[in-house]
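A structural walkthrough
Okay, here's what each chain looks like letter by letter:
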Amino acid sequence: MSTAEAQDAVLYEATPSGIAIITFNRPDRLNAWGRDIAAGFYTAIDRAEQDPGIRAIVLTGRGRGFCAGAYLGSPESVAGYGATMDKAKQTNLADLVGDRPPHFVTMLRKPVIAAINGSCVGIGLTQALMCDVRFAASGAKFAAVFARRGLIAEFGISWILPRLTSLGVALDLLLSGRTFLADEAAELGLVKEVVAPDELLQRAIAYAEDVAQNCSPASMAVIKRQVYGDATRDVVEATSRAEVLLHEAMPRPDVIEGIVSFLEKRPPEFPSLSASDA
């Protein structure tokens with residue numbers, strides 16, 4: 001995979017307001033996940049994560065799809081697919097879908113907002129659910145199609161889906177593999193808002209700009225770590241851990257700036273995260 005191919009498969013734009021816009025760019029296949037998109041995505045995410053000027057990330061797709069699952073090839077490839085799958089049995093999964101699991105997005109320090117512009121299926125759905133906040137275009141289609149492909153609940157979707165909805169909803173969506181639309185996704189709690197397609201990206205960017213301008217990057221980094229880490233802790237552990245993190249936060253300039261800016265009724269000027277900040 002060449003660097004040029006990866007850069008073409010996933011576009012990167014940094015706005016003056018500190019937002020990185022990452023766009024899957026294989027509209028001819030509804031941005032189905034492949035090695036080209038995987039490589040470009042990792043490169044773009046790392047770039048945004050390490051840039052002190054970036055405070056939030058917006059992830060979207062070009063064309064009619066956000067990410068329509070794994071790229072299985074063209075219809076013409078059906079005849080040789082048995083041999084392909086026999087070979088795949090001997091292959092490292094990373095060679096097929098990339099060397100990072102979707103949940104690595106939850107481990108980033110910066111908030112990731114998904115603008116789901118269209119088909120969001122399979123590994124594309126998993127990737128979207130691992131983002132911190134999701135907006136969807138009206139009419140966008142969702143599906144956890146694994147059972148309909150003879151597969152299992154892949155790449156951590158069995159972990160994230162029940163946490164965003166409920167055990168019953170997760171079992172319905174995973175066992176049936178049925179298609180559902182953006183309005184139902186919102187009712188189930190999978191997306192924050194359903195937006196007209198031509199307003200989707202700007203709405204997601206506006207949300208990202210609000211947190212970039214008004215929220216401490218250091219606070220958001222710790223909060224993400226708390227929320228995802230506490231998913232496997234009981235309330236006693238979570239509370240005890242929060243007390244430790246609070247003591248660590250108090251000496252930071254963000255706390256003083258947050259209080260002073262509130263009292264002075266002005267926008268806060270929080271320091272950026274450096275590339276080395278944990």
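Residues numbered from 1 in each chain as written. Predicted model: local features only at pLDDT ≥ 70, side-chain atom pairs only at ≥ 80, totals over all residues. Heavy atoms only, no water.

Comments concerning a nonpolar patch on the surface
- Together, L167, L171 and L175 line one region of the surface with nonpolar side chains, adding up to about 340 Å² of accessible area.
- Here L167 is to be found in helix α7 (residues 167–176). (Patch = residues over 30% accessible without salt bridge, like charges linked within 9 Å, V, L, I, M, F, W, Y side chains within 5 Å. Areas by Shrake-Rupley, 256 points an atom, 1.4 Å probe, with all protein chains shown as cover. Salt bridge = Lys/Arg side-chain N within 4 Å of Asp/Glu carboxyl O. Helix = DSSP H or I, 4+ residues; strand = E, 2+ residues; numbered from the N terminus.)

Observations concerning the pattern of salt bridges
- What the rule picks out here adds up to 12 salt bridges.
- The shortest N-O distance in the salt bridge between E264 and R266 comes to 2.7 Å.
- The class for R266 is partly exposed, based on a relative accessible area of 28%. (Buried < 20%, exposed > 50% of the residue type's maximum accessible area, 1.4 Å probe, protein only.)

Notes on the sheet that holds strand β2 (residues 19–24)
- Ordered in space as β1-β2-β3-β5-β7-β10, the 6 strands form an open sheet in which the pairing is mixed. Since the sheet does not close on itself, it has two edges, and those belong to β1 (10–14) and β10 (193–195), each with one partner. Sheet twist, expressed as the mean angle between neighbouring strand axes with direction ignored, is 20 degrees.
- Here 6 bridges tie β2 to strand β3 (residues 56–61), and the two strands are oriented parallel to one another. Paired with F24 across the strands is G61, a residue of β3.
- The sheet contacts of helix α2 (residues 35–50) involve β1, β2 and β3, and relative to β1 the element is tilted by about 15 degrees. (Pairing = 2+ DSSP bridges. Axes fitted to C-alpha atoms, helices over the stretch in contact; angles between N-to-C directions. Contact = heavy atoms within 4.5 Å.)

With respect to the sheet that holds strand β8 (residues 141–143)
- Spatially, 4 strands are ordered β4-β6-β8-β9 in an open sheet, and the strand pairing comes out mixed. Two strands in the sheet have a free side with no partner beyond their single neighbour: β4 (65–68) and β9 (179–181). Taking the axes of each pair of neighbouring strands and ignoring which way they run, one obtains an average angle of 25 degrees across the sheet.
- For β4 and strand β6 (residues 119–121), the ladder comprises 3 bridges, and the chain directions are parallel.

Considering the nonpolar core
- One finds I22, F24, W33, F41, I116, F142 and I157 to be the most contacted residues of the largest nonpolar core, which totals 49 residues.
- When residues of this core are assigned to their parent elements, the largest contribution, 7 residues, is made by α2.
- Setting aside its immediate chain neighbours within four residues, I116 contacts F66, A128, R134, F135, A136, A137, A140, F142, V191 and L200.
- If you look at the next biggest cluster of nonpolar residues, it comprises 17 residues, including I19, A56, F135 and V195. (Core = buried A, V, L, I, M, F, W, Y, C linked by side-chain atoms within 4.5 Å.)

A few points about the side chain of R109
- Relative to the assigned elements, R109 resides in the loop between α4 (93–97) and β5 (112–116).
- R109 sits in the buried class, given a relative accessible area of 8%.
- A polar contact of 2.5 Å, which involves the side chain of R109, links it to the backbone oxygen of E49. (Polar contact = N/O pair within 3.5 Å; in protein donor to acceptor, adjacent residues only side chain to side chain.)

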